[in-house]
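Architecture at a glance
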Amino acid sequence: MPVFKTPFNGYSVKFSPFYEDRLAVATAQNFGILGNGRLHVLSLSPNPSQPFTEIAAYDTADGVYDVAWSESHDSLLVAAVADGSVKLYDTALPPTSNPIRSLREHTREVHSADYNPLRRDSFLTSSWDDTVKLWTLDRPSSLRTFKEHSYCVYSAVWNPRHADVFASASGDCTLRVWDVREPSSTMVFPPHELEVLTCDWNKYDDCIIATASVDKSIKVWDVRSFRVPIAVMNGHGYAVRKVRFSPHVRNLMVSCSYDMTVCVWDFMVEDALVSRYDHHTEFAVGVDMSVLVEGLMASTGWDELVYVWQHGTDPRAP
């Protein structure tokens, strides 16, 4: 299993939608509480003795909590930074020319960034200032601010089939679904009794969404009828930090948790837990699945390590 050691604590990892061997990692010093940050751009090497090559690294004065690849430019990245800024980086330019833009509207830490897979010039950011903002590449200020949550918005994620629809997960224990053409959220419900830390849309059914919480559970919902979840998955020992649906298998999803594990689930079967990986020795807070290579996964955590492995076929996987 290829491993990369970062100087700071890992927060987020994302595979490139353009290059199957490339990934970005967001990190923060001192567990993100205080200190600097660094954004790494890594390439997987075909040579097992040199598993990673660092293509670029960008230092920030504050921690980097999340990163998103552009869906329109293969070298462009959006970083969510603890000082409230949203920074854009272009790996095709020399380090001294980066960041190419720093957007400052959030008044507290920016916790997530997500690029629109359909309308490829726009992206979302969510923040501890209780808001979600919509941006486009060609404008220095946000197009719109969505403010209905009453506490930190930990995640805002585009629907993969509808260019105007996204969902947001918040510490106010609610999930909201939004349509950017509407003046307010189109749906709101409490999927958990404790803080909702993450959400993700199913890539094959645009009405299916997953949520995960401080309550240690993952729930799958049909937004057309959300009184009862489709599935409830219990198996993590602490808060579930991130959940991601597979881009290749409809029923498959991956999660990571403060219990230091990464779990793979099939939400349509009774015994939903498919695999549990325990390679991290600290909180596992970032996980992703490659769009380009089926079964290729990456995770990062507070142990300052980035792991990449092939689910189900890699004999080196734990």
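Just so you know, these numbers come straight off a predicted model, no measurement behind them.

Scoring rules and cut-offs
- Positions within a chain are numbered from 1, following the residues in the order the chain's sequence is written.
- At least 70 in pLDDT is required for a residue's local features to be given in this predicted model, at least 80 for side-chain atom pairs to be given and counted, and no such filter applies to totals for whole chains, interfaces and linings, which use all residues.
- Processing note: side-chain calculations cover all non-hydrogen atoms of the structure and skip hydrogens and water entirely.
- UniProt positions are given in the numbering used here, feature names are shortened, and annotations may be inferred rather than shown by experiment.
- Numbered from the N terminus, helices here are DSSP runs of H or I no shorter than four residues, and strands are runs of E no shorter than two.
- Throughout this description, the term salt bridge denotes a Lys or Arg side-chain nitrogen within 4 Å of a carboxyl oxygen of Asp or Glu.
- Burial classification: accessible surface area is computed with a 1.4 Å probe over protein chains only, and a residue below 20% of its type maximum counts as buried, one above 50% as exposed, and the rest as partly exposed.
- Two strands pair if DSSP finds at least two bridges between them.
- Helix axes are fitted only over the stretch in contact, all axes being lines through C-alpha atoms; the angle between N-to-C directions runs from 0 to 180 degrees.
- A score from 0 to 100, pLDDT tells how confident the predictor is in each residue.
- Whether two residues are in contact is decided by their heavy atoms, any of which lying within 4.5 Å being enough.
- Residues enter patches when they are more than 30% accessible in relative terms and free of salt bridges; like-charged ones are connected within 9 Å and nonpolar ones (Val, Leu, Ile, Met, Phe, Trp, Tyr) within 5 Å.
- The protein chains shown are the only cover counted for residues, whose accessible areas, like all others here, come from Shrake-Rupley with a 1.4 Å probe.
- The disulfide definition used here is simple: a pair of cysteine sulfur atoms within 2.5 Å.
- We call Phe, Tyr and Trp rings a pair once their centres come within 6.5 Å, taking the six-membered ring for Trp, and we label the pair stacked below 30 degrees between planes, edge-to-face above 60, and tilted otherwise.
- We call a charge positioned above a ring when the Lys NZ or Arg CZ atom is no farther than 6 Å from the ring centre and deviates by at most 35 degrees from the ring normal.

Here the focus is the UniProt feature "domain: EIPR1-like beta-propeller" (unreviewed entry) in the protein. Under the feature "domain: EIPR1-like beta-propeller" (unreviewed entry), the UniProt entry names residues 152-265. In residues 152-265, the share of helix is 0% and the share of strand is 51%. The end C-alpha atoms are 27 Å apart.

Turning our attention to the UniProt feature "repeat: WD" (unreviewed entry) in the protein. Summarizing the sequence annotation, UniProt attributes the feature "repeat: WD" (unreviewed entry) to residues 103-145, 146-188, 189-225 and 233-275 in the numbering used throughout. Annotated as residues 189-225, this span is 0% helix and 51% strand, and its ends, taken at the C-alpha atoms, are 11 Å apart.

Turning next to the pattern of salt bridges. A complete count under the given rule lists 15 salt bridges for this structure. Note that R38 is salt-bridged to D59, the shortest N-O span being 2.5 Å. Here R38, found in strand β4 (residues 37-44), pairs with D59, found in strand β5 (residues 52-60); they are 21 residues apart in sequence, far enough to count as distant. For R38, a relative accessible area of 23% corresponds to the partly exposed category. The class of D59 is exposed, set by a relative accessible area of 54%. Between R181 and D179 there is a salt bridge, with its nearest N and O atoms 2.7 Å apart.

Attention shifts here to the sheet that holds strand β13 (residues 144-146). Pairing is antiparallel in the open sheet, where 4 strands are placed in the order β10-β11-β12-β13. What marks the edges here is a single partner per strand, and that holds for β10 (110-115) and β13. Pairwise comparison of adjacent strand axes, ignoring direction, gives a mean angle of 20° for this sheet. Relative to β13, strand β12 (residues 132-136) is paired through 3 bridges, and the arrangement is antiparallel. Directly across from K133, in β13, lies its bridge partner T145.

This next bit is on the sheet that holds strand β26 (residues 284-289). One open sheet accounts for 4 strands, arranged β1-β28-β27-β26; its pairing is antiparallel. Edge positions in the sheet fall to β1 (3-5) and β26, since each of these pairs with one other strand and no more. When strand polarity is set aside, the average angle formed by the axes of neighbouring strands in this sheet is 15°.

With that out of the way, let us pick up the pairing of strand β24 (residues 262-266). Counted residue by residue, β24 has 5 buried out of 5 residues, so it is predominantly covered. Both faces of β24 are covered, namely the face carrying V262, V264 and D266 and the face carrying C263 and W265. Here strand β23 (residues 252-257) pairs with β24 via 5 bridges, running antiparallel. When the bridges of β24 are listed, M253 appears paired with W265. Between the antiparallel neighbours β23 and β24 lie 4 residues, among them M260 with a positive phi of about 80°. Here β24 runs beside strand β25 (residues 273-277); their pairing, made up of 4 bridges, is antiparallel. Within the sheet, the bridge partner assigned to W265 lies in β25 and is L273.

With that out of the way, let us pick up the confidence of the model for the protein. Across the protein, pLDDT averages 95, with 98% of residues at or above 70. Residue range residues 314-318 is modelled with pLDDT below 50. Its contacts to residues more than four positions away, or to other chains, number 10 contacts.

Along the chain, the position of D66 falls in strand β6 (residues 64-69). Once residues within four sequence positions are removed from consideration, D66 is found in contact with S12, K14, A26, V78, A79, A80, H111, S112, A113 and K242.

A contiguous nonpolar surface patch, about 360 Å² in accessible area, is contributed by F31, I33 and L34. Considering the arrangement of structural elements, one finds L34 in the loop between β3 (22-28) and β4. Exposure remark for L34: the relative accessible area of 65% places this residue in the exposed category.

Let us look at the state of the cysteines. With the rule as written, the count across this model stands at 0 disulfides. Left unpaired, C207 is separated from the closest cysteine sulfur, that of C199, by 15 Å. The structure places no disulfide on C256, whose sulfur is separated from the nearest cysteine sulfur, that of C263, by 9.7 Å. C256 sits in the buried class, given a relative accessible area of 0%.

When you line up the elements, T198 lands in strand β18 (residues 196-201). With relative accessibility at 3%, the residue T198 sits in the buried group. Taking the C-alpha atoms as reference, T198 lies 10.0 Å from A167; in sequence the two are 31 residues apart. Setting aside residues no more than four positions away along its own chain, T198 makes contact with S155, A169, A210, T211, A212, V240, R241, K242 and V243.

Turning to the packing of aromatic side chains, a few remarks are in order. Tallying each qualifying case throughout the model produces 18 aromatic pairs. Relative to F283, the ring of Y258 has its centre 4.4 Å away and its plane inclined at 40°; by these criteria the two rings are tilted. Here F283 lies in the loop between β25 and β26 and Y258 lies in the loop between β23 and β24, a separation of 25 residues in the sequence. Taken together, Y11, F31, Y65, W128, Y258, F283 and W302 form an aromatic cluster joined through their ring pairs. Lying across the ring of Y19, R22 places its NZ or CZ 4.3 Å from the centre. Cation over ring: R38 sits above F8, and NZ or CZ is 5.8 Å from the ring centre.

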